[in-house]
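For reference, the chains in residue letters:
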Amino acid sequence: MTRAASQTFVALTGGVGGAKLALGLANLLGERLTVVVNTGDDFEHLGLYISPDVDTALYTLAGVVNPLTGWGRRDETWTFMQALQELGGPTWFKLGDSDLATHVDRTRRLRSGATPTSTCTHLAARLGVAARVLPMSDRPVRTVVDTEEGTLAFQKYFVREQCRPVAKAIRFDGASAAKPTPQVIEALSAPGLAGVIVCPSNPWLSIDPILAIPGMREAVRASGVPVVAVSPIIAGKAVKGPTVKIMRELGLTTDNRAIADHYAGLIDGIVIDGSDADAVGGLPLPVTVTNTLMRTLDDKIALARDCLAFCSRLSARTPAPERRR
Ligand code: GDP
Ligand code: FO1
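Now for a description of the structure that goes with this document. (Residues numbered from 1 in each chain as written. Chains lettered and ligands numbered in written order. Predicted model: local features only at pLDDT ≥ 70, side-chain atom pairs only at ≥ 80, totals over all residues. Heavy atoms only, no water.)

**Quick word on the packing of aromatic side chains**
For the record, the criterion: Stacked, edge-to-face and tilted are the three classes for Phe, Tyr and Trp ring pairs, Trp counted by its six-membered ring, which pair at centre distances within 6.5 Å; planes under 30 degrees apart are stacked, over 60 edge-to-face, the rest tilted. The secondary structure listing takes helices from DSSP runs of H or I that are at least 4 residues long and strands from runs of E that are at least 2 residues long, numbered from the N terminus. The cut-offs for exposure are 20% and 50% of the maximum accessible area for each residue type, with area from a 1.4 Å probe on protein chains only; residues under the lower value are buried, those over the upper are exposed, and the others partly exposed. Counting as a charge over the ring demands two things of the Lys NZ or Arg CZ atom: a distance within 6 Å of the ring centre and an angle within 35 degrees of the ring normal.
Applying the stated criterion across every chain, the model contains four aromatic pairs. Centroid distance Phe 43 to Trp 92: 6.2 Å. Interplanar angle 45°. Geometry classified as tilted. Pair noted here: Phe 43 is in strand β3 (residues 43-45) and Trp 92 is in the loop between α4 (79-86) and α5 (97-111), with a separation of 49 residues, a long-range link. Under the relative-accessibility criterion, Trp 92 is labelled partly exposed at 24%. Ring geometry for Phe 43 and Phe 93: centres 4.9 Å apart, planes at 80°, overall edge-to-face. In this pair, Phe 43 is assigned in strand β3 and Phe 93 in the loop between α4 and α5, connecting sequence segments 50 residues apart. Across the pair, Phe 93 and Phe 43 agree in class, each one buried. Among the aromatic side chains, those forming a connected cluster through ring pairs are Phe 43, Trp 92 and Phe 93. The residue whose ring lies beneath Arg 73 is Tyr 59, and the NZ or CZ to ring-centre distance is 5.3 Å.

**What about the site of ligand 2?**
As a reminder of what qualifies: Distances are taken per atom, and a residue is near a molecule or strand as soon as one of its heavy atoms is within 4 Å of it. Contacts described as polar in this section are N or O atom pairs within 3.5 Å, which, within protein, must combine one atom able to donate a hydrogen with one able to accept it, while residues neighboring in sequence count only if both atoms come from side chains. Residue exposure ignores everything except the shown protein chains as possible cover, and the areas themselves are Shrake-Rupley values with a 1.4 Å probe. Lys, Arg, Asp and Glu make up the charged group, whereas Ala, Val, Leu, Ile, Met, Phe, Trp, Tyr, Cys and Pro make up the nonpolar group; the residues left over, Gly among them, are polar.
Around ligand 2 lies a shell of 13 residues, among which Asp 41, Asp 53, Phe 93, Lys 94 and Gln 155 are the nearest. Within the side chain of Asp 53, one N or O atom sits 2.7 Å away from an oxygen atom of ligand 2. Take Lys 94: an N or O atom from its main chain is 2.8 Å from an oxygen atom of ligand 2. Surface burial for ligand 2 is 90%, taken as the share of its 530 Å² of free accessible area covered by protein chains. The element contributing the most residues to the shell around ligand 2 is helix α7 (residues 154-160), with four residues. Tallied by class, the residues present in the shell around ligand 2 amount to eight nonpolar, one polar and four charged.

**Concerning the pairing of strand β14 (residues 287-290)**
Just so we agree on the cut-off: Strands qualify as paired when DSSP identifies two bridges or more between them.
On β14, burial follows the alternation: Thr 288 and Thr 290 on one face are buried, whereas Val 287 and Val 289 on the facing-out side are not. Note that strand β13 (residues 269-273) and β14 share four bridges and pair parallel. Across the sheet, Ile 272 pairs through a bridge with Val 289, a residue of β14.

**A look at the sheet that holds strand β8 (residues 167-173)**
The following threshold applies: In this analysis an axis means a line fitted to C-alpha atoms, helices contributing only their contacting stretch, and an angle means the value between N-to-C directions, from 0 to 180 degrees. Note on contacts: a residue pair is in contact if any heavy atoms of the two residues lie within 4.5 Å.
The three strands are arranged β7-β6-β8 in an open sheet whose pairing can be described as antiparallel. A strand with exactly one partner marks an edge of an open sheet, and here the two such strands are β7 (150-153) and β8. Across the sheet, the axes of successive neighbouring strands diverge by a mean angle of 25°, strand direction being ignored. Alignment of strand β6 (residues 142-147) against β7, held across four bridges, turns out to be antiparallel. Opposite Val 144, over in β7, you have Ala 153 as the bridge partner. Helix α9 (residues 203-211) contacts β6 and β8 of the sheet and is inclined by roughly 25° relative to β8.

**What to know about the site of ligand 1**
Around ligand 1 sit 22 residues in total, of which Pro 200, Ser 201, Ser 206, Thr 243 and Thr 292 are the nearest. With respect to ligand 1, the side chain of Lys 20 contributes an N or O atom lying 2.9 Å from a nitrogen atom. Protein chains bury 94% of the 590 Å² of accessible surface belonging to ligand 1 in isolation. At four residues, helix α2 (residues 16-29) tops the list of elements feeding residues into the shell around ligand 1. Class assignment for the residues of the shell around ligand 1 results in nine nonpolar, 10 polar and three charged.

**Some details on unusual backbone geometry**
At Asp 75, a position not held by glycine, the phi torsion is positive, near 50°. Take Asp 75: it is sitting in the loop between α3 (52-62) and α4. For Asp 75, a relative accessible area of 71% translates into the label exposed.

**Some remarks on the environment of Gly 18**
Following the sequence through the fold, Gly 18 ends up in helix α2. Taking the C-alpha atoms as reference points, Gly 18 and Ala 187, separated by 169 residues in sequence, lie 19 Å from one another. Every residue in contact with Gly 18, bar those within four places of it in the chain, is listed here: Thr 13, Cys 199, Pro 200 and Ser 201.

**Some details on the sheet that holds strand β2 (residues 33-37)**
A sheet is described by the order of its strands in space; here seven strands give the open sequence β5-β2-β1-β9-β10-β13-β14, paired in parallel fashion. This sheet does not close on itself; its edge strands, each paired only once, are β5 (132-135) and β14. Mean inter-strand twist for the sheet, computed between neighbouring axes without regard to direction, equals 20°. In this structure, strand β1 (residues 8-13) lies alongside strand β9 (residues 193-198), joined through five bridges in parallel fashion. Across the sheet, residue Thr 8 finds its bridge partner in β9, namely Leu 193. In the packing of α9 onto the sheet, the strands contacted are β1, β2 and β9, and the crossing angle to β1 comes to about 120°.

Read these as geometric descriptors, not functional statements.
Okay, structure coming up:
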């Protein structure tokens, strides 16, 4: 086996935006990829345990995600939601009929004592996902947004209120009592590990909950391998979602420098889009400039390839012990 064929990589991701790059990475790496997924968005709804970002990662990697929304399943039917509406039940969070099976099965397994990790591994196997998909922790962490209209649990802020209330602060309830799972630590300390990729997920809503878990940031740094982030900002705008709105509300500039500063001490390099090439001089760390807008599968694979090459370049530049902090 060549050295490259034994190399493993870890990706940190949230939901829709991050899963796009995870799919590109999975195409190149298969089972040599471990995807560590945010569970701060998880919540209980209609008596079911819902883990939206984990399911987005699983459905995307399995090729069954709804291509229009980026979440939920393709070719979905909505009989359950229609019936629920007729009964006067809550319909602000849409659960498709086949997606419902995932939530029912997850809830059943968790109630009978399975961990979120083993439940996710089971779902990944049944969906035919080759990459390893891991929830960031087996302990509950809940993202909460303090807004000018009061405190909102994440899905009420994101889906019910469509991110409209002005955010004042973002908290991760339970994070201080959580810890990375043994499986996450194992992936980050694997002898063949060659890089950690922070997907272009929302840094404040999707990646921060992962990094808020005591020991997670340390485990990423202790891996000694290059850590690279793909910026979610292209020409001062988010491709989708409230990233730029939140940055403004938190008093930040809405550019790649703010993303680099946010990840200072964690990342060794940042990947930015070609349309931001003139910003390279203002970035305080190594930069790869490429097309980061992932419209097609080919775009996703090309960006994934650029990330792996960036890791390899950074690795050649700096001997591992010097990168360890
Ligand atoms: P969510 O959890 O479903 O909101 O999704 P994520 O947090 O994983 O991703 C949201 C972020 O992904 C947004 O800030 C988007 O700007 C970013 N994003 C989505 N698609 C792309 C893309 O094709 N390229 C880049 N660079 N960022 C993207
Ligand atoms: N997002 C929405 O905007 N509206 C929905 O009704 C909705 C339902 C839903 C059901 C299952 C699932 O796995 C995800 C779902 N999402 C929905 C997406 C999700 O709430 C967010 O994209 C993430 O939590 C943010 O990462």
